[in-house]
Amino acid sequence: QVQLVESGGGLVQTGGSLRLSCAASGRTFSTYAMGWFRQAPGKEREFVAAIGGRGGITYYAGSVKGRFTISRDNAKNTVYLQMNSLKPEDTAVYYCAARFGRPLMGQYEYNYWGQGTQVTVSS
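1. A short note on the packing of aromatic side chains
Across all of its chains, the model carries seven aromatic pairs by this definition. Seen from their ring centres, Tyr32 and Phe100 are 5.8 Å apart, and the 80° between their planes marks the pair as edge-to-face. Note that Tyr32 is positioned in strand E4 (residues 32–39) and Phe100 in strand E9 (residues 92–100), a separation of 68 residues in sequence. With a centroid separation of 6.5 Å and an interplanar angle of 65°, the aromatic rings of Tyr110 and Trp113 are classed as edge-to-face. Residue class for Trp113 comes out partly exposed when judged on its relative accessible area of 25%. Put simply, the rings of Phe37, Phe47, Tyr95, Tyr110 and Trp113 touch in pairs and so form one group of aromatic residues.

Here is the structure:
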């Protein structure tokens, strides 16, 4: 069982930056791929970024590539999402998720989810 707790959301102006963190429980964190997803009001949850257990493989949605960076610190059982050049369309609840094995982009491939953290980008 893996428990995930996100933090770092908030209100930021267009062009600003935020760093989200997701702290995981358990002693086998490095065996889990981690993903970030987001859900805007009235929209379905969508993939943002994913990273393999050792951090060597990363995937990004086209809408965030070049602006967001996913990383992880296995010693701290934490995954991060650095978000730069934020746009109003990035406004959403951001969720981190975990799955045993390799990173994938489909939300239904992930077994464990955090409670989400709100990111609001003002224009």
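Having seen the structure, we can now continue with the description.
2. Side note on the pairing of strand E11 (residues 117–122)
Side chains of E11 alternate between two faces, with Thr117, Val119 and Val121 buried and Gln118, Thr120 and Ser122 left unburied. Looking at chain direction, strand E2 (residues 10–13) and E11 are connected through four bridges and run parallel. Paired with Val12 across the bridge in E11 is Val121. Bridge count for E9 against E11 is three bridges, and the pairing is antiparallel. The residue of E11 that forms the bridge with Val93 is Gln118.

3. Let's talk about the pattern of salt bridges
Under the counting rule described, the total for this entry stands at three salt bridges. Here Arg38 ties to Glu46 by a salt bridge, and the two come within 2.6 Å at their closest N and O atoms. Between Asp90 and Arg38 there is a salt bridge, and its shortest N-O distance comes to 2.9 Å. Placement of Asp90 in the loop between strand E8 (78–83) and E9 and of Arg38 in strand E4 is noted, with a sequence separation of 52 residues between them. No difference in accessibility class separates Asp90 from Arg38, as the two residues are buried. Beyond isolated ion pairs, a larger network of salt bridges with shared partners links Arg38, Glu46, Arg67 and Asp90.

4. A short note on the side chain of Thr91
Checked against the element boundaries, Thr91 lands in the loop between E8 and E9. Within polar-contact distance, the side chain of Thr91 engages the backbone oxygen of Pro88 at 2.9 Å. Within the structure, Thr91 has its side chain in polar contact with the backbone nitrogen of Val121 (distance 2.9 Å). Residue contacts for Thr91: discarding those within four places in its chain leaves Ala40, Gln118, Val119, Thr120 and Val121.

5. A word on the sheet that holds E8
One key point about sheets: their strands pair by backbone hydrogen bonds, in either a parallel or an antiparallel sense. Strand order in the open sheet formed by four strands is E1-E3-E8-E7, with antiparallel pairing between adjacent strands. The sheet is open, and its two edges are formed by strand E1 (4–7) and strand E7 (68–73), each paired on a single side. Mean inter-strand twist for the sheet, computed between neighbouring axes without regard to direction, equals 15°. Of the strand pairs in this sheet, E1 and strand E3 (residues 18–24) are connected by four bridges, and their pairing is antiparallel. The partner of Leu4 across the bridge, within E3, is Ala24.

Procedures and definitions
Every chain is numbered independently, its residues counted from 1 as its sequence is written. For this predicted model, a pLDDT threshold of at least 70 governs which residues receive local features, and a threshold of 80 or more governs which side-chain atom pairs are given and counted, while totals over whole chains, interfaces and linings are taken from all residues. Values shown for side chains rest on all heavy atoms present in the structure; no hydrogens or waters enter the calculation. Aromatic pairs are defined between Phe, Tyr and Trp rings, using the six-membered ring for Trp, whenever the two ring centres lie within 6.5 Å; interplanar angles under 30 degrees are classed as stacked, those over 60 as edge-to-face, and all others as tilted. Under the scheme used here, helices are H or I runs from DSSP no shorter than 4 residues and strands are E runs no shorter than 2 residues, and both carry numbers assigned from the N terminus. Type-normalised accessible area, obtained with a 1.4 Å probe on protein chains alone, sets the label of each residue: buried when under 20%, exposed when over 50%, and partly exposed for intermediate values. When DSSP finds two or more bridges between two strands, those strands count as paired. Between Lys or Arg on one side and Asp or Glu on the other, a salt bridge is scored when a side-chain nitrogen of the former is within 4 Å of a carboxyl oxygen of the latter. For this analysis, a polar contact is any N or O atom pair within 3.5 Å, provided that within protein one partner can donate a hydrogen and the other can accept it, and provided that sequence-adjacent residues contribute only side-chain to side-chain pairs. Note on contacts: a residue pair is in contact if any heavy atoms of the two residues lie within 4.5 Å. Fitting a line to C-alpha atoms yields each axis, with helices limited to the stretch in contact; the angle taken between N-to-C directions then spans 0 to 180 degrees.

Read these as spatial facts, not as claims about activity.
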